[in-house]
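Take a look at the letters that make up each chain.
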Amino acid sequence: ADIDRLMKTFAEFSRRWGGLFVEMNAELELAGEPDVYSDQTLQDQQKIREALSIQSKRKQVIEQYRSKAHEEVRWLTNEFAAMKFSEATAKGMLKGADRSVETVRVQADQLLRLRAEAETAQEAFLGFMLETFSDYRLANSKISFSKQADVEKYRALGKAITDSSKVLEEFQTEMLKSVET
C-alpha cells in the first residue's frame, strides 16, 4: 500500500510537471518570437519597440513558470513529508524519489535560467538597436555604424545572443541524453 501511494504521488507529480512545461511553451509561442536581426525590424523604430515588448513578455512567462516549477516541487516535497511509511522498501524508494526530484528541480531551474538569459541577450541587442537607431544604416542586410564603439557593442551583443543560445541548446541536448540513458 505504501509503495502504491508513493508511485501514485510521483505519477501525479510527473503529469503536473510535464504539463507545466507544455503550458509554458504554449504561452511563449503565443507571446511570439521577434525576428531580432531582420531588416524589417531594424529599419523601423516601432518594430524594434514591438520586438522589445515581445522579449519582455517572453521573460515574464519564463519567470512565471520558474515560480510555478518551484511550487510544484514544494507540493511534492510536502506530499512526501506527509507519507509515514512502515515498509523498508517504500522508505528506500522515497529516498530515491527525493534525490530524483532534487535533480529535476536543479535541471529545470538551470534550463529556465538559460532560457531567460537567451531572452535577455536578445532584449539587450534590441535595446541597443533602438538606442542607436539614428546612428546606423542598413542596406542590403549590411549594417554600418558611425562610431567604432557602436560597431564593437553590436558585435558583442550579437555574440551574446549566439553564445547564450548555444549554451541553452547544449544544455537541452545533455538533458535529453540523460533522460535517454
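Structure: see above.
Definitions and limits used
Once a new chain begins, its residue numbering starts again from 1 and follows that chain's sequence as written. Side-chain atom pairs in this predicted model are given and counted only at pLDDT of 80 or more, local residue features only at pLDDT of at least 70, and totals for whole chains, interfaces and linings cover all residues. Only hydrogens and water are set aside; all other atoms, that is, all heavy atoms of the structure, feed into the side-chain values. A run of H or I in DSSP counts as a helix once it spans at least four residues, and a run of E counts as a strand once it spans at least two, with each numbered from the N terminus. Throughout, exposure labels follow a simple rule: accessible area from a 1.4 Å probe, protein chains only, divided by the maximum for the residue type, with under 20% read as buried, over 50% as exposed, and the rest as partly exposed. Centres within 6.5 Å make a pair out of two Phe, Tyr or Trp rings, where for Trp the six-membered ring is used; the pair is then stacked when the planes are under 30 degrees apart, edge-to-face when over 60, and tilted otherwise. In this scheme, the term charge over a ring applies when either NZ of a lysine or CZ of an arginine sits within 6 Å of the ring centre and within 35 degrees of the ring normal. Take the buried Ala, Val, Leu, Ile, Met, Phe, Trp, Tyr and Cys residues and link them wherever side-chain atoms come within 4.5 Å; each set so joined is a nonpolar core. In what follows, residue pairs with any heavy atoms lying within 4.5 Å of each other are defined as contacts. Note: two strands are recorded as paired if DSSP finds a minimum of 2 bridges between them. Every axis in this analysis is a line fitted to C-alpha atoms, fitted for helices over the stretch in contact. Angles between the N-to-C directions lie between 0 and 180 degrees. By definition in this entry, angles of less than 35 degrees are roughly parallel, angles greater than 145 are roughly antiparallel, angles of 65 to 115 are roughly perpendicular, and the rest are oblique. In the scheme used here, Gly and all other residues not listed as nonpolar or charged are polar, with Ala, Val, Leu, Ile, Met, Phe, Trp, Tyr, Cys and Pro taken as nonpolar and Asp, Glu, Lys and Arg as charged.

Draft legend 1. Here's a closer look at unusual backbone geometry. Located in the positive-phi region is Asn140, a residue other than glycine, with phi close to 55 degrees. Tracing the backbone through its elements, the reader meets Asn140 in the loop between β1 (136-139) and β2 (142-145). Residue Asn140 is classed as exposed on the basis of its relative accessible area, which comes to 75%. Positive phi values are uncommon outside glycine, yet Ser141 reaches one of about 60 degrees.

Draft legend 2. Representation of the packing of aromatic side chains in the model. Evaluation of the coordinates by the stated rule reveals 10 aromatic pairs. Aromatic ring contacts, followed pair by pair, group Tyr37, Phe125, Phe128, Phe133, Tyr136, Phe145 and Tyr154 into a single cluster. Sitting above the plane of the Trp75 ring, Arg16 keeps its charged end 4.0 Å from the centroid.

Draft legend 3. Geometry of the nonpolar core. If you look at the biggest cluster of nonpolar residues, it comprises 27 residues, and the most contacted ones within it are Leu6, Trp17, Leu20, Phe21, Met24 and Phe80. Those elements that provide at least two residues to this core are α1 (2-31), α3 (45-82), α4 (88-131) and α5 (148-180). Broken down by element, this core gets its largest block of residues, 9 residues, from α4. With residues near it in sequence (within four places) discarded, Trp17 still touches Ala69, Glu72, Val73, Val104 and Ala108. Membership of the second largest hydrophobic core comes to 17 residues, among which are Val36, Ile48, Ala121 and Leu130.

Draft legend 4. The arrangement of the pairing of β1 in detail. Residue alternation in β1 divides its side chains into a buried set, Tyr136 and Leu138, and an unburied set, Arg137 and Ala139. Connecting β1 to the next strand, β2, in antiparallel fashion are 2 residues, including Asn140 with a positive phi near 55 degrees.

Draft legend 5. Up close: the packing of α1 against α3. Orientation of α1 relative to α3, taken along the N-to-C sense of each, is 175 degrees, at an axis distance of 10 Å. Classified by the angle their axes make, α1 and α3 are roughly antiparallel. Looking at the contact of α1 with α3 residue by residue, the class counts come to 18 nonpolar, 2 polar and 10 charged.

Draft legend 6. Region of the structure containing the environment of Glu123. Note on placement: Glu123 falls in helix α4. When the C-alpha atoms of Glu123 and Ile161 are compared, they prove to be 9.4 Å apart, with 38 residues separating the residues in sequence. Sequence-distant contacts of Glu123, that is, excluding residues within four places in its chain, are made with Leu52, Gln55, Ser56 and Lys59.

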